[in-house]
Amino acid sequence: MATKACLPEFGRQAPRSIGRSLLLTLPILLWSLLMFANPQAHPSRQQLIAGAITGAFMVAMFFMMMRTGNTYRWRRWFFVTLGVLFPVGFLSNVLTMRGTMGIPVEEMIAGRTPFCFMPIPLLILPAALTRTVVFPGSILPHGGMSGSGIAAMTGIWLAMTLVLGRGWCSYACFFGGIEEGVAAVPRRARIRKIDPRWRYGPWAVLLAMVLLSLALFEPAYCMWLCPFKAVSEYVAARSTIGLVQNGIFVVLFAGLVIALPLLTKKRTQCAFFCPFGAFQSIFNKASIFDVRIDKSRCKPCVLCQTACPNLSISKESIARGETLLSCMKCGACVDACPRSAVVWHIKGTEVALKPERARLMFLYGAWVMAVMFGGSIIAQGVTVILHFLA
Ligand code: SF4
Ligand code: SF4
């Protein structure tokens with residue numbers, strides 16, 4: 001007779017009871033209360049309501065992950081919400097303080113450009129060789145648009161990266177949810193065959209951008225290729241060069257974040273292009289969590305490969321019992337496998353020994369950070385909407 005937590009044949013996590021799911025959710029509830037109870041010394045009514053809505057939402061999504069045993073579906077609700085609400089909060093701030101989405105050169109020279117995690121890999125070589133941060137923002141926390149500063153953002157990124165590895169791209173990136181949401185719209189992919197060589201795209205862009213940033217002494221990706229400039233801030237178009245840069249941002253956004261995800265149901269910007277994603281993959285080596293395939297259960301139906309939004313499983317990797325280095329730990333393959341052969345795993349332990357325990361440990365780490373980082377961004381977006389409605 002199987003235990004309540006396991007289906008008999010494959011050991012898959014069955015729905016838990018409400019009581020047990022609530023118990024497992026309790027630490028996240030307490031953490032959310034801590035995060036959202038008092039966002040500022042004198043919060044406005046809208047901020048208080050936004051904090052309550054966001055806290056409840058984050059707790060509800062975690063509860064559903066515990067109750068159903070399904071990770072991807074509920075994580076996606078959080079991640080798409082983050083992707084949609086980030087531009088709402090960010091652009092509202094930009095427009096209030098600056099009056100335009102364009103960054104004037106004077107703002108750059110004054111070091112008032114808001115920092116984002118994307119340029120981190122581009123700053124390393126110039127900083128190592130010349131002790132210069134080639135980004136026009138403040139190193140330390142600063143009022144106004146530069147917000148928490150380069151040092152704080154880099155610190156947050158490092159802490160999250162050591163736990164999540166490339167899981168950053170599924171639980172923290174405030175851009176990836178846009179294309180994940182778009183990819184969820186069609187029922188079926190129109191383009192199903194994708195040349196696996198596209199997997200090398202992000203590495204090629206990373207190499208080119210690192211070298212170019214060193215040569216030009218500026219974060220070349222942010223200046224020329226970031227598709228998300230189209231929904232955040234762009235170079236003030238006061239010259240032909242500015243117009244060309246903004247044209248590139250819009251074309252890349254339309255192609256990689258809208259059109260291709262609609263056609264392929266994949267996160268094409270992440271899978272084919274994003275240099276930060278490639279850089280982040282390296283840290284999968286440092287994270288203690290990974291997703292593995294229990295070869296003794298697998299009958300190679302490749303449903304996991306089809307489900308992966310990032311081309312992070314191949315037939316060869318299935319045969320080896322592994323996901324690829326680029327795995328974002330989104331959980332789509334785990335949830336898709338009909339034989340529960342794809343499992344969460346803690347490195348150094350036997351594969352599939354206690355996969356649910358590994359999943360729980362990973363999700364606690366990921367969700368604590370998601371509440372703190374993504375949750376605060378969601379709350380900011382909700383606050384803007386509430387102000388607008390008031
Ligand atoms: S979905 Fe499961 S059974 Fe099918 S190939 Fe992937 S791991 Fe094997
Ligand atoms: S291999 Fe699995 S967990 Fe990793 S990105 Fe693909 S679907 Fe997500």
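Residues numbered from 1 in each chain as written. Chains lettered and ligands numbered in written order. Predicted model: local features only at pLDDT ≥ 70, side-chain atom pairs only at ≥ 80, totals over all residues. Heavy atoms only, no water.

*Asks:* How should I be thinking about the overall build of the protein chain in this particular structure?
*Replies:* Across its full length, the protein chain holds 17 helices and four strands. Relative to its full complement of 390 residues, the protein chain shows a buried share of 51%. Considering only residue pairs separated by 6 or more positions, the protein chain has 76% of its internal contacts joining residues 24 or more positions apart. As presented, the protein chain carries roughly 18,200 Å² of accessible surface, and 68% of it is formed by carbon and sulfur atoms. (Helix = DSSP H or I, 4+ residues; strand = E, 2+ residues; numbered from the N terminus. Buried < 20%, exposed > 50% of the residue type's maximum accessible area, 1.4 Å probe, protein only. Contact = heavy atoms within 4.5 Å. Areas by Shrake-Rupley, 256 points an atom, 1.4 Å probe, with all protein chains shown as cover.)

*Asks:* Looking at this structure, I do not really get the site of ligand 1. What am I missing?
*Replies:* As a structural note, the neighbourhood of ligand 1 is formed by 13 residues, with Cys298, Cys301, Val302, Cys304 and Cys337 the closest of them. Here the residues of the shell around ligand 1 sort into twelve nonpolar, no polar and one charged. (Near = heavy atom within 4 Å. Nonpolar A, V, L, I, M, F, W, Y, C, P; charged D, E, K, R; others polar.)

*Asks:* Looking at this structure, how should I read the nonpolar core?
*Replies:* Generally speaking, soluble globular proteins have nonpolar side chains that are buried together. Grouped together as the largest cluster of nonpolar side chains are 86 residues, with contacts concentrated most on Phe117, Trp168 and Trp367. Counting residues per element, this core draws most heavily on helix H17 (residues 355–389), at 14 residues. Phe117 has contacts with Met153, Trp168, Cys173, Phe174, Phe175 and Phe276, leaving out every residue within four places of it along the chain. (Core = buried A, V, L, I, M, F, W, Y, C linked by side-chain atoms within 4.5 Å.)

*Asks:* Sorry if this is basic, but what is going on with the pattern of salt bridges here?
*Replies:* Close approach of charged atoms allows side chains with opposite charge to pair. Taken as a whole and judged by the stated rule, the model has eight salt bridges. Residue Glu180 pairs with Arg267 through a salt bridge whose shortest N-O separation is 3.1 Å. Of the two residues, Glu180 sits in helix H8 (residues 176–183) while Arg267 sits in the loop between helix H11 (240–264) and helix H12 (268–273), which places them 87 residues apart along the sequence. For Arg267, a relative accessible area of 1% corresponds to the buried category. A salt bridge links Glu356 to Arg359; the nearest nitrogen and oxygen atoms lie 2.8 Å apart. Taken as a pair, Glu356 and Arg359 lie in helix H17 at a separation of three residues, close to a single helical turn. Comparing Glu356 with Arg359, the two get one shared label, buried. One network of salt bridges, with partners in common, ties together Arg16, Glu356 and Arg359. (Salt bridge = Lys/Arg side-chain N within 4 Å of Asp/Glu carboxyl O.)

*Asks:* Can you walk me through the site of ligand 2 in this structure?
*Replies:* The environment of ligand 2 is made up of Cys308, Pro309, Ser312, Ile313, Thr323, Cys327, Met328, Lys329, Cys330, Gly331, Ala332 and Cys333. The class makeup of the residues in the shell around ligand 2 is eight nonpolar, three polar and one charged.

*Asks:* Just to check I follow, could you spell out the side chain of Arg359 for this structure?
*Replies:* Residue class for Arg359 comes out buried when judged on its relative accessible area of 2%. Sequence-distant contacts of Arg359, that is, excluding residues within four places in its chain, are made with Arg16, Met65, Met66, Gly69, Asn70, Thr71 and Trp344.

*Asks:* Help me out: how do you make sense of the pairing of strand S4 (residues 342–346) in this one?
*Replies:* Successive residues of a regular strand alternate their side chains across the two faces of the sheet. When you tally the buried positions in S4, you get five out of five residues, the bulk of the element. A two-sided burial pattern is seen for S4, the buried positions comprising Val342, Trp344 and Ile346 on one face and Val343 and His345 on the other. With five bridges connecting them, strand S3 (residues 289–293) and S4 associate as antiparallel partners. Opposite Ile293, over in S4, you have Val342 as the bridge partner. (Pairing = 2+ DSSP bridges.)

*Asks:* Just to check I follow, could you spell out unusual backbone geometry for this structure?
*Replies:* Generally, phi is negative for residues other than glycine and the peptide bonds are trans, each holding for most cases. With a phi close to 60°, Phe217 is a non-glycine residue in the positive phi region. Among the residues examined, Phe217 registers a relative accessible area of 38% and is labelled partly exposed. In the Ramachandran plot, Ala352 falls in the positive-phi region, its phi being about 65° despite a non-glycine side chain. Assignment of secondary structure puts Ala352 in the loop between S4 and H17.

*Asks:* Explain the packing of aromatic side chains here, please?
*Replies:* Two aromatic rings are characterised by how far apart their centres lie and by the angle between their planes. Using the criterion set out here, one finds 25 aromatic pairs in the structure. Geometrically, the ring pair formed by Phe86 and Phe174 is stacked, given 4.2 Å between the ring centres and 20° between the ring planes. Of the two residues, Phe86 sits in helix H3 (residues 72–98) while Phe174 sits in the loop between helix H7 (168–171) and H8, which places them 88 residues apart along the sequence. Among the residues examined, Phe86 registers a relative accessible area of 10% and is labelled buried. A relative accessible area of 5% means that Phe174 is categorised as buried. Over the ring of Tyr171 we find Arg75, and its NZ or CZ is 5.8 Å from the ring centre. (Phe/Tyr/Trp six-rings, centres within 6.5 Å; stacked < 30°, edge-to-face > 60°. Lys NZ or Arg CZ within 6 Å of the ring centre and 35° of its normal.)

This is a description of form; function is not addressed.
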